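Summary of the model geometry
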Amino acid sequence: MTTLPGPVPLAPPGPPRHPLDPDPTRSTKARAVFALGLIAALTGLFVGGVVPATVALQLARQARREAYVSGGFLTGAAWLRRGERLAWTGLTLAAVSVVAMVVIAVVRLAEAPFGQDFAPNVD
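This next bit is on the overall build of the protein. Assigned secondary structure in the protein consists of three helices and two strands. For the protein, with 123 residues in total, the buried portion stands at 19%. Partitioning the intrachain contacts of the protein with sequence separation of at least 6 by distance along the chain shows that 75% fall at a separation of at least 24. Just so you have it, the protein exposes about 9700 Å², and 68% of that area is on carbon and sulfur atoms.

Our focus in this paragraph is the packing of helix α2 (residues 50-70) against helix α3 (residues 77-111). The interhelical angle for the contact between α2 and α3, taken along N-to-C directions, is 150°, at an axis separation of 9 Å. Comparing the axis directions of α2 and α3 gives the class roughly antiparallel. The handedness of the crossing between α2 and α3 comes out as left-handed. Residues V50, A53, A56, L57, A60, A63 and R64 of α2 form the contact with α3, whose own contacting residues are L80, R81, E84, A87, W88, L91 and A94. Here the residues of the contact of α2 with α3 are counted per class, giving eleven nonpolar, no polar and three charged.

Packing of helix α1 (residues 28-42) against α2 brings their axes to within 8 Å, and their N-to-C directions diverge by 160°. Taken together, the axes of α1 and α2 lie roughly antiparallel to each other. Crossing of α1 over α2 shows left-handed handedness. On α2, the residues touching K29, A32, V33, L36, G37, I39 and A40 of α1 are P52, A53, V55, A56, L59, A60, Q62, A63 and E66.

Counting residues in each nonpolar core, the largest one holds six residues, listed as A30, V33, L59, A60, A63 and L80. Within the residue set of this core, elements represented by two or more residues are α1 and α2. With residues near it in sequence (within four places) discarded, L80 still touches A30, V33, A60, A63 and R64. Counting residues in each nonpolar core, the second largest holds five residues, with A40, A53, L57 and A87 among its members.

What follows covers the side chain of S97. Among the structural elements, S97 can be located in helix α3. Since its relative accessible area comes to 10%, S97 is described here as buried. In terms of polar contacts, S97 uses its side chain to reach the backbone carbonyl oxygen of L45, at 3.4 Å. Ignoring any residue separated from it by four or fewer positions in sequence, one finds S97 in contact with G44, L45 and V47.

Moving on: the packing of aromatic side chains. In total, this model carries one aromatic pair according to the counting rule given. Ring plane angle 85° and centroid distance 4.8 Å describe the contact between F34 and W79, whose orientation is recorded as edge-to-face. Pair noted here: F34 is in helix α1 and W79 is in helix α3, with a separation of 45 residues, a long-range link. F34 gets classed as partly exposed once you look at its relative accessible area, which sits at 22%.

All right, on to α3 then. Between its first and last C-alpha, α3 extends 51 Å over 35 residues, near the 51 Å set by a 1.5 Å rise per residue. L80, G83, E84, A87, G90, A94 and S97 are the residues of α3 that are buried. In this fold, the buried residues of α3 make contact with α1 and α2.

Rules of the game
Residues numbered from 1 in each chain as written. Predicted model: local features only at pLDDT ≥ 70, side-chain atom pairs only at ≥ 80, totals over all residues. Heavy atoms only, no water. Helix = DSSP H or I, 4+ residues; strand = E, 2+ residues; numbered from the N terminus. Buried < 20%, exposed > 50% of the residue type's maximum accessible area, 1.4 Å probe, protein only. Contact = heavy atoms within 4.5 Å. Areas by Shrake-Rupley, 256 points an atom, 1.4 Å probe, with all protein chains shown as cover. Axes fitted to C-alpha atoms, helices over the stretch in contact; angles between N-to-C directions. Parallel < 35°, antiparallel > 145°, perpendicular 65-115°, else oblique. Left-handed = near helix turned anticlockwise from the far one by under 90°. Nonpolar A, V, L, I, M, F, W, Y, C, P; charged D, E, K, R; others polar. Core = buried A, V, L, I, M, F, W, Y, C linked by side-chain atoms within 4.5 Å. Polar contact = N/O pair within 3.5 Å; in protein donor to acceptor, adjacent residues only side chain to side chain. Phe/Tyr/Trp six-rings, centres within 6.5 Å; stacked < 30°, edge-to-face > 60°. Expected span 1.5 Å × (residues − 1).

What is shown is where atoms sit, not what they do.
Next up, the structure:
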């Protein structure tokens, strides 16, 4: 057995690419999902994050489908994951703020007098 000087390659190179194969590119929908998810997370407490979060989740579904069909030539899965997490965070914050508003409204309604309040000398 003889050894050659120099670094040893860890893995043999894969099969050569076909010249007509497209170059791997990042999906533009992945960036849009991330941007919409970020907007949803930032405006989630104001209940304004519901619309961008919904759009982000729908775009994420389309982007995943397109990436699967492309056979690996569309990248950006990390951006998709981050955008989906931010969108779900925005939806969660919106739901928490709606529940808090309902609880506050119920407490205020319970503290309000019921019916007409007459003077103490009225029978």
